[in-house]
Amino acid sequence: MSTETLRQDVERLWAAGAEASKDEGREVFARLRVALSEGRVRSASPDPSSPTGWVVNSWVKQGILLGFRFGDLVDVSMDHGKWPFFDKDTLPLQRFASTSGVRIVPGGSSVRDGAHLAKGVIAIPPMYVNIGAYVGEGSMIDSHALVGSCAQIGARVHLSAAAQIGGVIEPVGALPVIIEDDVLVGGNTGIYEGAVVKARAVIAAGTILTGSTPVYDLPNERIIRPENGQPLVIPEGAVVVPGARAVTAGPGVDWKLSLATPVIVKYRDSRTDTRTELERWIR
């Protein structure tokens, strides 16, 4: 069945609201889940004409929400009930064939069905990938890392230990978090609210980025802020580290307080590339 037919079915059920058929909704969502797992449809797609370089596919998010709406809460406990879990029956975990080229290291990781992990992806436990997410070829998801719902991760990305890539399902028209190709995301980072990290950027350990975070670009002597309802966009090749800026109003001045803020200290060069090559040794 074509992607266009699937889209029409989702949009029709979404428009029907409470009048939509539960049985049909479950069947359509099952088809959407397969298409998402195979990477044939995505919650966001590259679009050179967009200010961010990406466009959200709202109908895909609508379809995912239909899956939650029409699912029944059931016992999905593991090991004969020794590990009790309860979830919607429309949202099973994904099972990967040995021929998929995806490496799921033993130790407690989960990937929801409806997420796409491309050939060569390495998942180090424990980590979690939620529905609607897309992870490109050769990327690594390190231990305690999260790839949230609908997040888009490019090829050859390294999500270091405890990196948190936030999920954005609602509102359906909002762009999810985007991490483009060849990005290094350091440990214990947080990227949320539809922020876009362009190709080859380096996000240093402990950096927090949100859709409304101002970023201080020292090499270009500017402050990068979201504009006209668009999310934050980290430029290609930027090296972003945690920083601080002084409080300039109220008692914070007397108390000598400062606020955390991301700072671009340089743009990626051959020396930065040499350091990031080290990750290849563990693949």
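Above this text is the structure in question.
A few points on the structure. A quick note: this is a predicted structure, and the numbers were derived from the prediction, not measured. (Residues numbered from 1 in each chain as written. Predicted model: local features only at pLDDT ≥ 70, side-chain atom pairs only at ≥ 80, totals over all residues. Heavy atoms only, no water.)

This paragraph deals with the sheet that holds strand β19 (residues 196-197). Across a sheet, strands are paired by hydrogen bonds formed along the backbone, either parallel or antiparallel in direction. Ordered by their spatial adjacency, six strands build an open sheet running β7-β10-β13-β16-β19-β24, and the pairing between neighbours is parallel. The open sheet terminates on both sides in strands that have one partner only, identified here as β7 (116-117) and β24 (233-234). The pairing of strand β16 (residues 178-179) with β19 spans two bridges and is parallel. Bridge pairing in β19 links I178 to V196. (Pairing = 2+ DSSP bridges. Helix = DSSP H or I, 4+ residues; strand = E, 2+ residues; numbered from the N terminus.)

Applying the stated rule across the entire model yields 16 salt bridges. Two residues, D9 and R31, come together in a salt bridge whose shortest N-O distance is 2.8 Å. Taken together, the positions of D9 in helix α1 (residues 3-16) and R31 in helix α2 (residues 22-38) put the pair 22 residues apart, joining distant regions of the chain. The exposure classification of D9 matches that of R31, with both residues buried. As a salt-bridge pair, R222 and D217 come within 2.8 Å of each other at their nearest N and O atoms. A single network of salt bridges, built from pairs that share partners, joins D9, R12, E24, E27 and R31. (Salt bridge = Lys/Arg side-chain N within 4 Å of Asp/Glu carboxyl O. Buried < 20%, exposed > 50% of the residue type's maximum accessible area, 1.4 Å probe, protein only.)

One ladder, built from two bridges, connects strand β20 (residues 202-203) with strand β25 (residues 238-246); its direction is parallel. By the bridge assignment for β25, V202 is matched with V239. In terms of strand pairing, β25 meets strand β26 (residues 258-267) through nine bridges, oriented antiparallel. If you follow V241 over to β26, its bridge partner there is V263.

Viewed as axis vectors pointing N to C, α1 and α2 meet at an angle of 140°, and their least axial separation amounts to 10 Å. Comparing the axis directions of α1 and α2 gives the class oblique. Read as a crossing pair, α1 and α2 show a hand that is left-handed. For the pair formed by α1 and α2, the contact residues are L6, D9, V10, R12 and L13 on the first element and E24, G25, V28, R31, L32 and A35 on the second. Residues belonging to the contact of α1 with α2 are distributed by class as follows: six nonpolar, one polar and four charged. (Axes fitted to C-alpha atoms, helices over the stretch in contact; angles between N-to-C directions. Parallel < 35°, antiparallel > 145°, perpendicular 65-115°, else oblique. Left-handed = near helix turned anticlockwise from the far one by under 90°. Contact = heavy atoms within 4.5 Å. Nonpolar A, V, L, I, M, F, W, Y, C, P; charged D, E, K, R; others polar.)

In short, the description is geometric, and any link to function would need to be established separately.
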